[in-house]
Amino acid sequence: MRVLVSRVKEANVKVDGEVKGSCKNGLLILSCFTEGDIEEDLKYLAKKCVNLRIFDDEDGTMNKSILDTNGEILSISQFTLYADAKKGNRPSYIKALRGEESKKLYEDFNEMLKSYIHTETGIFGADMQISAIHDGPVNIIIDSK
């Protein structure tokens with residue numbers, strides 16, 4: 001499993017022009033799954049995301065987590081995080097898990113995030129348009145393995 005965690009002032013996701021999920025002063029999390037991902041991977045990354053100390057404290061040092069700031073999360077599934085562009089100009093997505101297995105992992109991951117803090121989501125497999133005002137910017141890629 002791989003996530004891209006972005007600190008944002010606000011973010012939203014639209015499907016067919018309608019907002020399906022949003023967050024303010026929090027995290028935009030893009031997630032992708034691969035063969036062999038299990039519940040422990042989801043637990044590890046959910047806990048890691050909500051405990052990342054990437055929000056400023058009173059001294060302007062990134063020393064607080066989203067749990068400390070009472071922010072929100074917008075979680076989006078994005079299979080392109082496992083893109084391999086080493087050969088040629090067309091990325092390969094063969095490492096990205098697809099179908100019902102990936103959808104189940106995404107839903108389970110979101111439930112884990114929701115157990116910590118308010119989390120909204122996109123729609124798995126939909127053509128989504130994401131808008132975000134990045135804060136910093138702060139973007140961190142984390143793998144479960």
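Reference entry: report on the structure contained in this document. (Residues numbered from 1 in each chain as written. Predicted model: local features only at pLDDT ≥ 70, side-chain atom pairs only at ≥ 80, totals over all residues. Heavy atoms only, no water.)

With that settled, consider the sheet that holds strand E1 (residues 2–15). The strand order across the open sheet built from five strands is E6-E5-E2-E1-E7, with neighbouring strands paired in mixed fashion. Two strands lie at the open edges of the sheet, namely strand E6 (119–121) and strand E7 (129–143), each paired on one side alone. Neighbouring strand axes in the sheet, compared pairwise and without regard to direction, differ in orientation by 35 degrees on average. Two strands pair when backbone bridges link them, and strand E2 (residues 18–32) and strand E5 (residues 73–77) are joined in this way by five bridges, in the parallel orientation. Across the sheet, the residue bridging to Leu-30 is Ile-76, located in E5. (Pairing = 2+ DSSP bridges. Helix = DSSP H or I, 4+ residues; strand = E, 2+ residues; numbered from the N terminus. Axes fitted to C-alpha atoms, helices over the stretch in contact; angles between N-to-C directions.)

This part takes up the pairing of E2. Bridging between E1 and E2 involves 13 bridges; their strand directions are antiparallel. Looking at E2, one finds that Arg-2 is bridged to Cys-32. Here E1 folds back onto E2, and the loop between the two strands holds two residues, one of which, Asp-16, carries a positive phi near 55 degrees.

Here we take up the layout of surface pockets. The calculated volume of the largest pocket comes to roughly 320 Å³. As for the largest pocket, its lining consists of 17 residues, and the residues nearest its centre are Ser-77, Gln-78, Phe-79, Gly-125 and Met-128. Mapped onto the lining of the largest pocket, the elements with two or more residues apiece are E2, E5 and helix H3 (99–114). Here the residues of the lining of the largest pocket are counted per class, giving nine nonpolar, seven polar and one charged. (1 Å grid on protein atoms, 1.4 Å probe; cavity = no way out; pocket = protein on both sides within 12 Å on 5 of 7 lines; lining within 4 Å. Points joined across faces, edges and corners; volume = space filled by probe spheres on them. Nonpolar A, V, L, I, M, F, W, Y, C, P; charged D, E, K, R; others polar.)

Let us now look at the pairing of E5. Counting buried positions over the five residues of E5 gives five, a clear majority of the element. Residues Ile-73, Ser-75 and Ser-77 line one face of E5 and the alternating positions Leu-74 and Ile-76 line the opposite face, and both faces are buried. Bridging between E5 and E6 involves three bridges; their strand directions are parallel. Paired with Leu-74 across the two strands is Glu-120, which belongs to E6. In terms of handedness, the path from E5 via H3 over to E6 forms a crossover that is right-handed. (Buried < 20%, exposed > 50% of the residue type's maximum accessible area, 1.4 Å probe, protein only. Right-handed = clockwise from strand over helix to strand, strands pointing away.)

Turning our attention to the packing of aromatic side chains. Under the criterion given, the structure shown has two aromatic pairs. Judged by centre distance (5.1 Å) and plane angle (70 degrees), the ring pair of Phe-79 and Tyr-93 falls under edge-to-face. Of this pair, Phe-79 sits in the loop between E5 and H3 while Tyr-93 sits in the loop between E5 and H3; the two residues are 14 residues apart in sequence, bridging distant segments of the chain. Judged by its relative accessible area of 27%, Tyr-93 is partly exposed. With centroids separated by 6.0 Å and ring planes inclined at 40 degrees, the aromatic side chains of Tyr-106 and Phe-124 adopt a geometry described as tilted. With a gap of 18 residues between them, Tyr-106 in helix H3 and Phe-124 in the loop between E6 and E7 connect regions that are remote in the sequence. The exposure class assigned to Tyr-106 is buried, which follows from its relative accessible area of 3%. The exposure class of Phe-124 is partly exposed, given its relative accessible area of 27%. (Phe/Tyr/Trp six-rings, centres within 6.5 Å; stacked < 30°, edge-to-face > 60°.)

Moving on to the environment of Leu-105. When you line up the elements, Leu-105 lands in helix H3. Judged by its relative accessible area of 9%, Leu-105 falls in the buried class. When the C-alpha atoms of Leu-105 and Val-15 are compared, they prove to be 21 Å apart, with 90 residues separating the residues in sequence. Every residue in contact with Leu-105, bar those within four places of it in the chain, is listed here: Phe-33, Asp-37, Leu-42 and Leu-97. (Contact = heavy atoms within 4.5 Å.)

The values are spatial; any link to function lies outside them.
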